[in-house]
Amino acid sequence: MTEPAMETVDSFGVSAERQFADVWARTVLSVRERRLLLLGLLVGQGLEQLTEVQLDVALRAGELSETELREVVVFLAHYAGWARGAMLNDQVEGLIERIRQARSDTAGPAG
């Protein structure tokens with residue numbers, strides 16, 4: 001009995017993944033523009049976990065720099081509220097620190 005249900009879940013997952021891929025592949029807006037829109041939406045809705053994922057992707061993929069992410073914090077704090085802005089600031093600064101630490105750990109000793 002559980003196999004048909006699993007097929008439905010798998011089918012839904014594949015369909016949803018494909019639809020998201022199609023939306024992100026459209027060319028009218030750049031990936032960077034889409035990422036900014038998505039960040040604004042996620043912060044505005046208070047979806048911190050999803051925001052964290054998108055911040056990480058944006059920084060690691062080079063879509064947004066550290067300076068640009070900090071500017072996003074300033075902008076969204078004024079529109080999404082100070083509490084959400086403070087949470088976003090903590091997320092951005094924590095992410096920047098983790099990435100810097102990871103880079104310094106993999107750099108190893110000079111020489």
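The structure we're discussing is the one just above.
What counts, and at which threshold
Residues numbered from 1 in each chain as written. Predicted model: local features only at pLDDT ≥ 70, side-chain atom pairs only at ≥ 80, totals over all residues. Heavy atoms only, no water. Core = buried A, V, L, I, M, F, W, Y, C linked by side-chain atoms within 4.5 Å. Buried < 20%, exposed > 50% of the residue type's maximum accessible area, 1.4 Å probe, protein only. Helix = DSSP H or I, 4+ residues; strand = E, 2+ residues; numbered from the N terminus. Contact = heavy atoms within 4.5 Å. Phe/Tyr/Trp six-rings, centres within 6.5 Å; stacked < 30°, edge-to-face > 60°. Salt bridge = Lys/Arg side-chain N within 4 Å of Asp/Glu carboxyl O. Patch = residues over 30% accessible without salt bridge, like charges linked within 9 Å, V, L, I, M, F, W, Y side chains within 5 Å. Areas by Shrake-Rupley, 256 points an atom, 1.4 Å probe, with all protein chains shown as cover. Expected span 1.5 Å × (residues − 1). Arc of directions from axis to C-beta. Axes fitted to C-alpha atoms, helices over the stretch in contact; angles between N-to-C directions. Parallel < 35°, antiparallel > 145°, perpendicular 65-115°, else oblique. Left-handed = near helix turned anticlockwise from the far one by under 90°. Nonpolar A, V, L, I, M, F, W, Y, C, P; charged D, E, K, R; others polar.

Visitor: What is the right way to read the nonpolar core from this model?
Guide: Generally speaking, soluble globular proteins have nonpolar side chains that are buried together. Formed by 15 residues in total, the largest nonpolar core has its most connected members in L55, L59, L69, L88 and V92. Looking at this core, the elements with two or more residues in it are α2 (31–45), α3 (48–60), α4 (66–80) and α5 (82–107). In terms of residue count, the dominant contributor to this core is α5 (5 residues). Aside from chain neighbours lying at most four places away, what touches L55 is L39, L69, L88, Q91, V92 and L95.

Visitor: Would you mind showing me how to read the packing of aromatic side chains here?
Guide: Taken as a whole and assessed by the stated rule, the structure comprises 1 aromatic pair. The interplanar angle of 35° and the centroid separation of 5.0 Å between the aromatic rings of F75 and Y79 together place this pair among those described as tilted. With F75 and Y79 both in helix α4, this residue pair falls 4 residues apart, about one helical turn. With a relative accessible area of 49%, F75 lands in the partly exposed category. For Y79, a relative accessible area of 66% translates into the label exposed.

Visitor: Can you help me understand the pattern of salt bridges in this one?
Guide: Close approach of charged atoms allows side chains of opposite charge to pair. Using the criterion set out here, one finds 7 salt bridges in the structure. For D22, the salt bridge goes to R18, with nearest N and O atoms at 3.7 Å. Of the two residues, D22 and R18 both sit in helix α1 (residues 2–25), 4 residues apart, roughly one turn of that helix. What makes D22 partly exposed here is its relative accessible area of 38%. Under the relative-accessibility criterion, R18 is labelled exposed at 56%.

Visitor: Explanation requested: a nonpolar patch on the surface in the structure shown.
Guide: Taken together, V28, L29 and L37 make up a surface patch of nonpolar side chains, about 310 Å² in accessible area. Here L29 is to be found in the loop between α1 and α2. The class of L29 is partly exposed, set by a relative accessible area of 34%.

Visitor: Looking at this structure, I do not really get α4. What am I missing?
Guide: Each full turn of the α-helix corresponds to 3.6 residues, which orients residues three or four apart in the same direction. In this model α4 runs 20 Å from its N-terminal to its C-terminal C-alpha over 15 residues, within 8% of the 21 Å that 1.5 Å per residue would give. Looking only at α4, the buried set comprises E66, L69, V72, V73, L76 and A77. For α4, the angular spread of the buried residues around the axis is 130°, confining them to a single face. For α4, the exposed residues lying more than 90 degrees away from the buried face are T67, E71, H78 and Y79. Where α4 is buried, its residues meet α2, α3 and α5. Following α4 by one or two positions, G81 has its phi on the positive side, about 110°.

Visitor: Explain the packing of α2 against α4 to me, please; I cannot follow it from the model alone.
Guide: For any two helices packed against each other, one specifies the crossing angle of their axes together with the interaxial distance. Their axes nearest at 10 Å, the elements α2 and α4 cross at an angle of 40°. Here α4 runs oblique to α2, going by the angle between their axes. α4 is crossed by α2, and the crossing has right-handed handedness. Along the contact surface, α2 presents R32, L36, L39, G40, V43 and G44, while α4 presents E68, V72, L76 and A80. Of the residues assigned to the contact of α2 with α4, the class counts are 6 nonpolar, 2 polar and 2 charged.

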